[in-house]
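Secondary and tertiary structure notes
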Amino acid sequence: MDNVHVTVPRVILLLSGKRKCGKDFLADALLKRLGTQEAQIIRISEPIKRHWADWKGLNLSELLGDGAYKERYRKEMIEWSDARRQEDYGVFCRAACTTIDRSICIVSDVRRKTDVRFFQETYGSERIRAVRIEASEAVRAGRGWQFQQGIDDVQSECDLDNYSSWDLLLTNEHANDVDGLLATLQRLVENK
């Protein structure tokens, strides 16, 4: 047997929500509050984007960003990753988890029931805190969101719409509410 050290986090915070609801913004801000000695962010989409960048010769940092470059390839990446998930629903979650090495792990892009299932089965439900971040279409549009058929109406955006086992629902619509939202998230992970 190899001498591989696997870190099992004390808590895994699963963040879910529609495009432009503020998942990444809140994840980054929460990480700053908690500190990188204790917490880290992982993204299920990173192994997808890494493969896509290698395969297509694309700029990985641009794909990992939040701009138009990523949007150009989003539909193809979704279709490709859905086909891989048909073979193994946890393939991208497992790949993302290889970098876990802190006691608090923030997963900033949970999009499917199988993502939640993977983390519960792998790390135990007692470690998991699932959070749904919501924002109205008008607010999301103000942040640059535009409905795109084949993106906003498929499983990657809609699978968790009827999921009801959230530990916390947050509405992220006003800049002056951010400190309160972060304090609520911080209590959720620190009281674990």
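Residues numbered from 1 in each chain as written. Predicted model: local features only at pLDDT ≥ 70, side-chain atom pairs only at ≥ 80, totals over all residues. Heavy atoms only, no water.

This brings us to the nonpolar core. Membership of the largest hydrophobic core comes to 30 residues, with the highest contact counts inside it found for I12, L14, I42, L63, V107 and F119. Elements represented by at least two residues in this core include exactly β1 (11-17), α2 (45-56), α4 (68-87), α5 (91-97), β3 (104-110), α6 (113-123) and β4 (128-134). Not counting the four nearest positions on each side in its chain, V107 is found in contact with I12, L13, L14, L15, I42, I44 and F119. The next biggest cluster of nonpolar side chains, apart from the first, holds 25 residues, and it includes C21, L34, A39 and L182. (Core = buried A, V, L, I, M, F, W, Y, C linked by side-chain atoms within 4.5 Å. Buried < 20%, exposed > 50% of the residue type's maximum accessible area, 1.4 Å probe, protein only. Helix = DSSP H or I, 4+ residues; strand = E, 2+ residues; numbered from the N terminus. Contact = heavy atoms within 4.5 Å.)

In this section: the environment of R33. As for its position among the elements, R33 is in helix α1 (residues 23-34). Taking relative accessible area as the criterion, R33 reaches 35% and is therefore assigned partly exposed. Between the C-alpha atom of R33 and that of Q186, which follows or precedes it by 153 residues, the distance is 8.0 Å. Aside from chain neighbours lying at most four places away, what touches R33 is D179, L182, A183 and Q186.

As a packed pair, α2 and α4 sit with axes 10 Å apart at the nearest point and diverge in direction by 110 degrees. With respect to each other, α2 and α4 are oriented roughly perpendicular. Each of I48, K49, H51, W52 and K56 in α2 lies in contact with α4, whose residues at this interface are K70, Y73, E76, M77, W80, S81 and R85. When its residues are assigned to classes, the contact of α2 with α4 shows five nonpolar, two polar and five charged. (Axes fitted to C-alpha atoms, helices over the stretch in contact; angles between N-to-C directions. Parallel < 35°, antiparallel > 145°, perpendicular 65-115°, else oblique. Nonpolar A, V, L, I, M, F, W, Y, C, P; charged D, E, K, R; others polar.)

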